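# Summary of the model geometry
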Amino acid sequence: MLTASERLARQKSRPLLVELHRALTRLTSTLTVMNTGAHPDDEQSGMLAAMRFGYGTRIIVACSTRGEGGQNGLGPERSGALGVVRTREMEEATRVLDADIAWLGHGPDDPVHDFGFSKNGADTLARWGRERIIERLVIAYRRDRPDIVIPTFLDVPGQHGHHRAMTEAAEVAIALAADPAYLTPGLDPWSVAKYYLPAWSGGGDTYDDEVPPPNASVRVVAPGLDMPTGAAFDEIGEWSRAYHASQGMGRWKSVPKTEWPLHLARGPVGAESDIRQNLPATLGQLADLLPGLHAAPLLAAQSGIDAALVAFPDRQAITAALLAAADALDTIAVETLAPHAHRLIRKRAEIDAALLLAVGIAPIAWAEPNRPAPGGSAVLKISIGPEPVSMTPVAKATLHIGDATTSDGVVCYAIAVNSEAPLSRLYPPGFSSLGGNGELNVEIEALIGGRTVRGSVDLEEPFSIGPAQSVELVPDTIILGSRRSADPLRIAVRSSSPMANPVLIAPAGWGVLRGEAGFAIAAMAPVANGLYRLPLMLDGRQAYRQTPIAYPHIGRTQFVTPQVLNVLALDLALPEGTRIGYVGGGSDRVGFWLRAMGLDVIDLDAAALAGDLSELTTIVVGTLAFGVRPDLAAATGKLRDWVEAGGHLLTLYHRPSDGWTPDATPPRRVVIGSPSLRWRVTDPEAQVDILAPDHKLLTGPNIIGPDDWAGWDKERGLYFAAEWDSAYEPLLAMHDAGEKPLTGALISAPIGKGRHTHTSLVLHHQLDRLVPGAFRLLANLVQPA
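Below, the structure is looked at part by part. Throughout this document, residue positions are counted from 1 along each chain, in the order its sequence is written. Predicted model: local features are reported for residues with pLDDT of at least 70 only, side-chain atom pairs are reported and counted for 80 or more only, and whole-chain, interface and lining totals are derived from all residues. As a rule here, side-chain values come from all non-hydrogen atoms in the structure, and water together with hydrogens is ignored.

## Description of the packing of helix α11 (residues 315-330) against helix α12 (residues 341-358)
Helices that pack against each other are described as a pair by the angle of their axes relative to one another and the distance between those axes. Using the following cut-off: The axes are straight lines fitted to the C-alpha atoms, using for helices just the contacting stretch, and the angles between their N-to-C directions are given from 0 to 180°. Here a strand is any run of E in DSSP of at least two residues, a helix any run of H or I of at least four, and the numbering for each starts at the N terminus. In what follows, roughly perpendicular refers to angles from 65 to 115 degrees, roughly parallel to angles under 35, roughly antiparallel to angles over 145, and oblique to any angle outside these ranges. Crossing handedness follows the turn of the near helix against the far one: under a right angle anticlockwise gives a left-handed crossing, and clockwise gives a right-handed one. Throughout, a residue-residue contact means that at least one pair of heavy atoms, one from each residue, lies within 4.5 Å. Under this grouping Gly is polar, as are all residues other than the nonpolar Ala, Val, Leu, Ile, Met, Phe, Trp, Tyr, Cys and Pro and the charged Asp, Glu, Lys and Arg.
The geometry of α11 relative to α12 is characterised by a closest axis approach of 10 Å and an angle of 155° between their N-to-C directions. Between α11 and α12, the interaxial angle falls into the category roughly antiparallel. Here the hand of the crossing between α11 and α12 comes out left-handed. Of the residues in α12, those in contact with Arg315, Ile318, Thr319, Leu322, Leu323, Ala325, Ala326, Leu329 and Asp330 of α11 are Leu344, Lys347, Arg348, Ile351, Ala354, Leu355, Leu357 and Ala358. Of the residues in the contact of α11 with α12, the class split is twelve nonpolar, one polar and four charged.

## Notes on helix α7 (residues 161-177)
Every α-helical turn comprises 3.6 residues, leaving residues that sit three or four positions apart pointing alike. As a reminder of what qualifies: Here, expected helix span is obtained from the residue count minus one, scaled by 1.5 Å. Relative accessible area decides the class of each residue, using a 1.4 Å probe on protein chains only: under 20% of the type maximum gives buried, over 50% gives exposed, and in between gives partly exposed.
Its 17 residues place the ends of α7 24 Å apart at the C-alpha level, agreeing with the 24 Å of an ideal helix rising 1.5 Å per residue. Of all the 17 residues making up α7, twelve are buried; the element is thus mostly covered by neighbouring parts of the structure. Among all positions of α7, only Gly161, His162, His163, Arg164, Ala165, Met166, Thr167, Ala169, Ala170, Ala173, Ile174 and Ala177 are buried.

## Quick look at the pattern of salt bridges
Basically, it comes down to this: A pairing counts as a salt bridge when a side-chain nitrogen of Lys or Arg comes within 4 Å of a carboxyl oxygen of Asp or Glu.
Inspection of every chain in the model, using the stated rule, returns 49 salt bridges. Linking Asp603 and Arg595 is a salt bridge whose minimum nitrogen-to-oxygen distance equals 3.0 Å. With a closest N to O distance of 2.9 Å, Arg669 and Asp663 form a salt bridge. The class for Asp663 is exposed, based on a relative accessible area of 54%. Put simply, Arg14, Arg88, Glu91, Glu92 and Arg95 are held in one network by salt bridges that share partners.

## Overview of the nonpolar core
Defined as follows: Among buried residues, the Ala, Val, Leu, Ile, Met, Phe, Trp, Tyr and Cys ones that are joined through side-chain atoms within 4.5 Å form a nonpolar core.
Counting 57 residues, the largest nonpolar core has Leu24, Ile318, Leu322 and Met391 as its most contacted members. Filtering out sequence-adjacent residues up to four positions away, Met391 remains in contact with Ile382, Ile384, Val411, Tyr413, Val442, Glu443 and Ile444. Counting 43 residues, the second largest nonpolar core, distinct from the first, contains Leu568, Leu572, Leu599 and Val688.

## Brief notes about the pairing of strand β14 (residues 440-448)
Just so we agree on the cut-off: Only when DSSP finds a minimum of two bridges between them are two strands counted as paired.
Alignment of strand β10 (residues 390-395) against β14, held across six bridges, turns out to be antiparallel. Residue Thr392 lies in a different strand from β14, and its bridge partner there is Glu443. Relative to strand β15 (residues 451-458), β14 is paired through eight bridges, and the arrangement is antiparallel. What sits directly across from Asn441, in β15, is Asp458. Counted between consecutive antiparallel strands, the loop separating β14 from β15 contains two residues, among which Gly449 sits at a positive phi close to 55°.

## Some thoughts on the packing of aromatic side chains
We count it as follows: Any pair of Phe, Tyr and Trp rings, taking the six-membered ring for Trp, is counted once the centres come within 6.5 Å. Such a pair is stacked with planes under 30 degrees apart, edge-to-face with planes over 60 apart, and tilted for the rest.
A complete count under the given rule lists six aromatic pairs for this structure. With a centroid separation of 5.2 Å and an interplanar angle of 50°, the aromatic rings of Trp510 and Tyr532 are classed as tilted. A residue pair is termed long-range when its members are at least 10 positions apart, and Trp510 in strand β20 (residues 510-514) and Tyr532 in strand β22 (residues 530-538) qualify at 22 residues. The same class applies to Trp510 as to Tyr532, namely buried. Ring geometry for Trp709 versus Trp712: centroids 5.3 Å apart, planes at 40°, classification tilted.

## Topic: the sheet that holds strand β3 (residues 100-103)
The eight strands lie next to each other as β6-β7-β5-β4-β1-β2-β3-β13, forming an open sheet whose pairing is mixed. Looking at strand neighbours, the two that pair on one side only are β6 (218-221) and β13 (430-431), the edges of this open sheet. Two strands pair when backbone bridges link them, and strand β5 (residues 194-198) and strand β7 (residues 259-266) are joined in this way by four bridges, in the antiparallel orientation. Of the residues in β7, the one forming a bridge with Pro198 is Leu262.

The following block contains the structure:
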């Protein structure tokens, strides 16, 4: 439930007249454009804003993943939790564009997911399942019936493999979608009329297209400014992109873009001056294709739509014009309009949505609470306004909706959740700009000018079914190194409410004693190396931890994970006499893992970093930290002096844009490679060659060998060092197939009495994945200078 100030802020950001104009511009086109991409934020937002608000076309963003393999510039969420964040960001970004979303991947447990950077499309398609992603695109084409498909990126060397895979799959799926022999139950074949490629390069700080873009055959030209806001369409695109805040998106431009060049790869042969050319772009043009009985009502409806736009902002005149348009369309039987029946169905729904706004019907709906548990209850509340409206809550089968009551102008429905109801999925399958989203929404009907008008209202915050309580094991991971104590492992259990019979399921031969605060675990025999997973059960059912996620731009949501105690037993020796200061940037858990290993670690906040560092043997700077910690950036001189005096500074990977100045940030010059595609190794199984086998960082306290590079996940590393001062020694070499070896993954230099080590290996990710070699290598890297 939004607070009063949050609700007022949302109303202020979405004025009724602006929303009405948005609804009216939907009516000006009968075309659908689908923009395909691999990640949330891949959409070409400025172009889509121009096509949606300037041309009136329906916009659908088809996205293959939730972006769960990316980075997070806002907070600690990674992997599945980051996928939840980026799903919500995408929903809010498309809300600004008044666009729909067709999700093709459904989180990290789905084969189609963001597994990290890839350098070629073939590898990506193999991991996703080529036939799987193509089939999902065919289904999207046949369900949503786009007239035009435009991928954001080219399928060329130097481009992200996920982008290349989506572009290849998007084109292959076009032919299959039109083929009656390719079966998708319940969906008829559909022919995409035009397939455009971007006539721009996808190069930049990350990518480096090796092939120039194709020649432009047509351009999307912004038609002036957006009427109700006075903004350039590219500015509206940046308003949308700003919702991808976890990726640092949203740029102010002194000169907004006004044209986007495209290359027609499939479609009618011949020159064209507009992407809408040779397509039924309006009801009036549709009338030209359907002479006879259909022409007159289509033209009458077009006339009503035109009159409504001219009348803006006169809501009474708009209402009269829209009623005339709706009446005209009512005379057409949908089944007689094939293959354009979907255009008529959509236009009727869009006219109804505009009519509701024209008469001021914009209900607000919310649930209290909005996340009940199986067997729990909630109340659906709807604030309607003065206009008479009938309502029907729409819910999944596991919800029982009671009768309506009214109090202080708010209609209330009691909701009972079935005790056997499954938990809600974390990743919704789609998003509609016309509403009807989520597991609970409201259908409304109103009588306007004698006409029954229908619409859908989404809840202010999504409704979902969650666990009855949140339980957390502290710690949730135990690292058993070479020096294993005979003392029991003590695990605390924290819960949001009294627990019902908590039980930790341990391997045979392990003893588990339950106490008031948690569990004590003792192995009855020596524990062999390996990863052990001990599920926590509550009253015979899996226990879950609910982690709140809250950011101003996406509101409140949660990430739900089964609670399992991980016990990793490995040969791990720790350096002697080490006292570590950890400078985190919020994008890794390296400080946590150092403590879990048994090392002496303190967090260096701004005050501690400004204080006496002489008692520390090692300082670890977390990933991306120089870009988000101004106090750290200001302390580079102090850190250099500390290193000179005998400290060991370990810096984890940074991008060139993360406040990294080659001659000032590190103690000696280190240049980070750009674009990152050229300075990363994406194959997590790539061979690692040790260049300095006798180096202290590779020989003690753990001897690093081939087994330490086994089982890595996602990739070896990224943003490798490209140049460095002669004081540094490269310790490793690695490369992706067919490429030259890169030696900037791990470099180290003696500096005065101390040492600086910089690594671009994705150690933080391997630690999270409990890869044994990552712990052994990190123990070496934090040893005193």
